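A structural walkthrough
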Amino acid sequence: MKFTLSWLKDHLDTTATLDDILYALTDLGLEVEEVEDRGASLRDFTIGFVKSAEKHPDADRLRVCQVETDEGVKQIICGAPNARSGITVVVAKPGVYVPGIDTTIGVGKIRGIESFGMMASEREMELSDEHDGIIELPSGEVGQSFADWLSINDPAKVDPVIEIAITPNRPDALGVRGIARDLAARGLGNLKNGDVDAVPAEFACPVTVTIEGDTLDQCPVFYGRVIRGVTNGPSPAWLQDRLRAIGLRPISFLVDVTNFFTFDRNRPLHVFDADKIAGNALLVHRAKGGETMTGLDEKEYTFEEGMTLISDANGVESIGGVMGGMASGCTEDTSTVFIEAAYFDPVRTAFTGRALKINSDARYRFERGIDPAWTPYGIEHATRMILDHAGGEASEVIVAGKVPNTDRAYKLDAARVRSLVGMDIPESEQRQTLTALGFILEGNLAHVPSWRPDVQGEADLVEEVARIASLTQLQGKPLPRMTDGVPKPILSPMQRREAIARRTCAALGYNECVTYSFIDQASALLFGGGDDATRLENPISNEMSHMRPALLPGLLQAAARNQARGFSDLALFEVGPAFHGGEPGDEHVLVCGLLVGRTGPKDVHGSSRGVDLYDVKSDAEAVLGAMGAPTKVQILRGAADWWHPGRHGMICLGPKKVLGIFGEIHPRVLETMGVKGPAMAFTLWPAEVPLPRKTTANRGALDINDLQAVERDFAFVVDAKVEALTLVNAAMGADKELIEDVRVFDEFIGGSLGDNRKSLAQTVRMQPVTATLKDKDIEAVSAKVVDKVQKATGGVLRD
């Protein structure tokens, strides 16, 4: 939203400085984005006086002028028809940049005679489109800065232009008067009376307006009137200056009036050439689909069913709340004009503008919500301005529909300002603030003004009071202690585990990634997701259409991007949620790590090697250990199909209690995601790690067993397809209390064993707890081991 300082002062009677106004705007929530000092480009231009002007000896249209400047008399060649002696002019001396022609003035020769500068026109200084001659000033001292002269004699030309950011909940600030109202409530001045008297009707309105019954929800009210005998042409200089200052191009007076009120009062209007309205009747209706119209931007639009249209007997003449049509637009020959002031539904207007790809100032305001109650006043203001500057006489005002009822009131509880905001503001000041903002107070009820659709409850009243009082007055206060003694831990066990996992992964040499929770459907399908339950209704892009079912897709995409840029050795991890459904709570926290490439750079010792699954296995065990997982676990197979079928393991406390998975990513997945493999990864479920039975701040006593452990070796002949892990798990289950560890130390294939047979040798370590093991105890455990292995694998003890 752009406006000039003088425009603001049309509504605000203030003596505040520009800096005070800028600070107050940002503090009120209307953040100042830019302030354009339009006088900065004119400061190097000075005022001069033409002492003489003689005809150029070699050119009929050129004059050799002797111009008095602050640096003495300068000779300047000028071709303007009004260049003559005795006039006060604006001089650009050598070295001055002229914005209108994008040129820096220098000393030059024109037809053999030197020229030491230039006398400027308004267009050359970007003050207007006037270029028929140089500027003639009615006053001014030689050497005076032209910018200083303008600030005194024509301040609108060098008025500062202020641009503020408008949040979607403040449509009232899309008009200069709404901004002035906030500043007046802050105490930076008084809001001026902006009312005008109603214009009396001189004749009956010859144009009728009808709103179809099924369209009243999209256009509940339409005001209109005809003004005949107008003289359309260029707008007054003050109006042109204001429109140019905010980046709009003056077109003609009738059109400029609608643009002016769009920014002045947040009241979009439209003017039809009444003589071009076929049948002298307008119909507001829903599009049936397929209708066409050429807009004021000279583009042809085809309408979808349900759009709000305004038509005459010949067809569509305007898109409700968005843009008018070329056929009924006003031109310089327009003498009879029909003014439209209507209210259009914000949602329908937004859908229409988005579908037609039209971004107009009218759409921008209607879709955020204008003041419906000011609709009849808006047409009176526009009528008065047209009659004052273009003449003519006005008809009666016709009305179709009725103004929407926005009446609502909320209780003002003065004590809530302290409880919600933490500020002590007297009740009298609160009531004064709300009154200044346009609220009507009846006892403890505050009636909300029609231009504030964002106020929807008692808390919003508190927000308005605090906003005007300034939130900078808030003072930081420590929260009171709820209990005595040492406070209880703030973090939950799961939060502590996440922090421990992050710290441990980083200590292991991994780099943390934070990837999007949204991924494309193709990647989600690779990891067991991509269904309708996790699909987003309104995704940012096709690459973010589904909630991620795992963290691995994001890490693999990050690895692919790094590899594409020459970084092939990667160690990445992420801690975050993955989603198994679309309902609240359908998520689980994961810890995921990824290794790609080699363990380190090449060196003369040959220590660098490719990463393997044992690297991620040790890292996964280290992270689980840091989170408090038991040391005795089982390693099983049977993970999802994105893991390599023969190079992965599930870390389990039982067949159904999975703490994590480690291993190699399936080559098919790597190829689909563009990662050059092999790639090793682990995924851990922190929530599956059992909580400790006792929680204490102290570390437990060191438990050292004074009884000697016993080791026994077993060699089993099994089928070649039997996995060593199966033997280890079977042996561990023979006596869970006594057997401390089982490890494979030898494998023999072929020879006397025969085809498809192999021998696996393993060491079983038995650690007594209460008494030293005797031979019979050792034999009993050994028998259990042999029995368990035979039942699990079908193998036999090797002779």
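1. As for the packing of helix α6 (residues 253-264) against helix α9 (residues 375-390)
Viewed as axis vectors pointing N to C, α6 and α9 meet at an angle of 145 degrees, and their least axial separation amounts to 11 Å. For the pair α6 and α9, the sense of crossing is right-handed. Note on element contacts: α9 touches α6 through His-381, Ala-382, Met-385, Ile-386, His-389 and Ala-390, opposite Phe-253, Leu-254, Val-257, Phe-260 and Phe-261. Broken down by class, the residue content of the contact of α6 with α9 amounts to 9 nonpolar, 2 polar and no charged.

2. Here we look at the environment of Ser-752
Examined against the element boundaries, Ser-752 turns out to sit in the loop between β40 (739-749) and β41 (757-766). Each C-alpha atom, one on Ser-752 and one on Ile-21, is 98 Å from the other, the two residues being 731 residues apart in sequence.

3. Structural notes on the pairing of strand β17 (residues 270-273)
Alternating residues of β17 divide into His-270 and Phe-272 and Val-271 and Asp-273, and every residue in both groups is buried. Pairing of β17 with strand β24 (residues 336-343), which is carried by 4 bridges, proceeds in the antiparallel orientation. By the bridge assignment, Val-271 is partnered in β24 with Ile-339.

4. Focus on the sheet that holds strand β22 (residues 315-319)
Sheet architecture is open: 5 strands sit in the order β15-β18-β21-β22-β23, paired in mixed fashion. In the strand order of this sheet, the two ends are held by β15 (208-211) and β23 (323-324), each with one partner.

5. A closer look at helix α7 (residues 346-356)
Along α7, the residues that are buried comprise Arg-348, Thr-349, Ala-350, Thr-352, Gly-353 and Leu-356. Where the residues of α7 are buried, they touch β20 (300-302), β21 (308-312), β22 and α8 (361-366). A distance of 3.3 Å separates the backbone nitrogen of Val-347 from a side-chain oxygen at the start of α7, and that oxygen is part of Asp-345.

6. What to know about the packing of helix α18 (residues 724-732) against helix α19 (residues 775-793)
At a closest axis distance of 8 Å, the pairing of α18 and α19 adopts a crossing angle of 140 degrees. The angle between the axes of α18 and α19 places the two elements in the oblique class. At the point where α18 passes α19, the crossing takes the right-handed sense. For the pair α18 and α19, the contacting residues are Thr-726, Leu-727, Ala-730 and Ala-731 in the first and Val-785, Lys-788, Val-789, Ala-792 and Thr-793 in the second.

7. Considerations on the packing of aromatic side chains
For any pair of aromatic rings, the description consists of the separation of the ring centres together with the inter-plane angle of the planes. Scanning all chains against the criterion turns up 10 aromatic pairs. Judged by centre distance (6.1 Å) and plane angle (15 degrees), the ring pair of Phe-146 and Trp-149 falls under stacked. In this pair, Phe-146 and Trp-149 are both assigned in helix α3 (residues 146-153), 3 residues apart and thus about one turn of the helix distant. Assessed through its relative accessible area of 1%, Phe-146 is described here as buried. Judged by centre distance (5.8 Å) and plane angle (85 degrees), the rings of Trp-238 and Phe-260 are edge-to-face. Of the two residues, Trp-238 is situated in helix α5 (residues 237-245) and Phe-260 in helix α6; the sequence distance between them amounts to 22 residues. You can call Phe-260 buried: its relative accessible area is 6%. Three or more aromatic residues link up through ring pairs in this structure, and these residues are Trp-7, Trp-238, Phe-260 and Phe-261. Against the face of Phe-203 rests Arg-228, its NZ or CZ located 3.6 Å from the ring centre.

8. Let's talk about the pattern of salt bridges
Under the counting rule described, the total for this entry stands at 44 salt bridges. Between Glu-498 and Arg-502 there is a salt bridge whose closest N-O contact spans 4.0 Å. Within this pair, Glu-498 and its partner Arg-502 are both found in helix α13 (residues 493-507), separated by 4 residues, close to a single helical turn. The closest approach of N and O atoms between Arg-743 and Asp-741, which form a salt bridge, is 3.7 Å. Connected via shared salt-bridge partners are Arg-170, Asp-172, Asp-182, Arg-452, Asp-454, Glu-464 and Arg-467.

9. Overview of the nonpolar core
Of all hydrophobic cores here, the largest spans 93 residues; its most connected members are Leu-25, Ile-164, Ile-179, Leu-183 and Phe-338. Look past the residues within four positions of Ile-179 in its chain and what remains in contact with it is Met-1, Phe-3, Leu-8, Leu-25, Leu-30, Ile-164 and Ala-173. Ranked by size, the runner-up nonpolar core spans 31 residues in total, among them Ala-550, Ala-578, Trp-642 and Trp-643.

10. Things to note about the sheet that holds strand β1 (residues 2-4)
Pairing is antiparallel across the open sheet formed by 3 strands, whose spatial order is β1-β13-β3. Two strands in the sheet have a free side with no partner beyond their single neighbour: β1 and β3 (32-36). On average, each strand axis in the sheet is inclined to that of its neighbour by 20 degrees, with strand direction left out of account. For β1 and strand β13 (residues 161-164), the ladder comprises 3 bridges, and the chain directions are antiparallel. From the neighbouring strand, Phe-3 faces β13, where its bridge partner is Ile-162.

11. Re the state of the cysteines
Taken as a whole, this structure holds 0 disulfides when the rule is applied. Between Cys-219, a free cysteine, and Cys-205, which holds the nearest cysteine sulfur, the sulfur-to-sulfur gap is 16 Å. A relative accessible area of 0% places Cys-219 in the buried class. For the unlinked cysteine Cys-592, the closest cysteine sulfur is that of Cys-505, found at 9.2 Å.

12. A few points about the side chain of Asp-615
Considering the arrangement of structural elements, one finds Asp-615 in helix α16 (residues 613-626). Within the local environment of Asp-615, its side chain forms a polar contact with the side chain of Arg-609, the two groups lying 2.8 Å apart. Excluding its chain neighbours within four sequence positions, the residues that come into contact with Asp-615 are Leu-595, Thr-599, Arg-609 and Gly-610.

13. Description of α6
Counting along an α-helix, one turn takes 3.6 residues, and residues three or four places apart therefore face a common direction. In this model, α6 (12 residues) spans 16 Å end to end at C-alpha, consistent with the 16 Å of a helix rising 1.5 Å per residue. The buried fraction of α6 amounts to 11 of the 12 residues, a majority that puts the element mostly inside the structure. Among all positions in α6, only Phe-253, Leu-254, Val-255, Asp-256, Val-257, Thr-258, Phe-260, Phe-261, Thr-262, Phe-263 and Asp-264 are buried. Positive backbone phi, approximately 55 degrees, marks Asn-266, located one or two places after α6.

14. Section: a negative patch on the surface
A contiguous patch of negative charge, built from Glu-31, Glu-33, Glu-34 and Glu-36, is present on the exposed surface. On the secondary structure map, Glu-33 appears in strand β3. Accessibility expressed as a relative area gives 52% for Glu-33, which makes it exposed.

15. Considerations on the environment of Tyr-343
Relative to the elements of secondary structure, Tyr-343 occurs in strand β24. Here Tyr-343 falls in the buried class, since its relative accessible area comes to 13%. Counting along the chain gives 56 residues from Tyr-343 to Ala-287, while the straight-line C-alpha distance between them is 17 Å. The contacts of Tyr-343, once residues within four sequence positions are left out, are Gln-218, Cys-219, Pro-220, Val-221, Phe-366, Ile-370, Pro-372, Thr-375 and Pro-404.

Quick notes on the rules
Within each chain, residue numbers correspond to sequence positions counted from 1 in written order. In keeping with the model being predicted, local features are shown solely for residues with a pLDDT of at least 70 and side-chain atom pairs are shown and tallied solely at 80 or more, while totals for entire chains, interfaces and linings include all residues. Hydrogens are left out, water is left out, and the side-chain values use all remaining heavy atoms of the structure. Only C-alpha atoms enter the line fits that serve as axes; for helices the fit covers just the stretch in contact. Angles between N-to-C directions range over 0 to 180 degrees. Numbered from the N terminus, helices here are DSSP runs of H or I no shorter than four residues, and strands are runs of E no shorter than two. Working rule for handedness: look at the near helix, and if it is turned counterclockwise from the far one by less than a right angle, call the crossing left-handed; if clockwise, right-handed. Contacts were defined at the residue level, with two residues in contact if any of their heavy atoms lie within 4.5 Å. Following the grouping adopted for this structure description, the nonpolar residues are Ala, Val, Leu, Ile, Met, Phe, Trp, Tyr, Cys and Pro, the charged ones are Asp, Glu, Lys and Arg, and the polar ones are all others, Gly among them. Working definition: with a 1.4 Å probe on protein chains only, accessible area under 20% of the residue-type maximum means buried, over 50% means exposed, and in between means partly exposed. We treat two strands as partners when DSSP finds at least two bridges between them. As used in this structure description, the phrase polar contact means that two N or O atoms lie within 3.5 Å; if the pair is within protein, one of them must be able to donate a hydrogen and the other to accept it, and residues adjacent in sequence are counted only when both atoms belong to side chains. Geometric relationships in this document are graded by angle, where less than 35 degrees denotes roughly parallel, more than 145 denotes roughly antiparallel, 65 to 115 denotes roughly perpendicular, and other angles denote oblique. Here is the rule: rings of Phe, Tyr and Trp (six-membered ring for Trp) pair when centre to centre is within 6.5 Å. Planes less than 30 degrees apart are stacked, more than 60 are edge-to-face, and the remainder are tilted. Sitting over a ring, as applied to charges here, requires NZ of Lys or CZ of Arg to be within 6 Å of the ring centre and within 35 degrees of the ring normal. Salt bridges are defined by distance alone: a side-chain nitrogen of Lys or Arg within 4 Å of a carboxyl oxygen of Asp or Glu. The definition of a nonpolar core used throughout is a set of buried Ala, Val, Leu, Ile, Met, Phe, Trp, Tyr and Cys residues joined through side-chain atoms within 4.5 Å. Only a pair of cysteine sulfur atoms within 2.5 Å qualifies as a disulfide here. Here a helix's expected span is defined as the number of its residues, less one, multiplied by 1.5 Å. Patch membership requires more than 30% relative accessible area and the absence of a salt bridge. Residues of like charge join within 9 Å; the nonpolar side chains Val, Leu, Ile, Met, Phe, Trp and Tyr join within 5 Å. Each accessible area is a Shrake-Rupley estimate made with a 1.4 Å probe; only the visible protein chains count as cover when residues are assessed. In summary, the charge assignment counts Lys and Arg as positive and Asp and Glu as negative, without counting His or the chain termini. By convention, the point assigned to a charge is CZ for Arg, NZ for Lys, CD for Glu and CG for Asp.

Bear in mind that shape data such as this cannot, by itself, settle questions of function.
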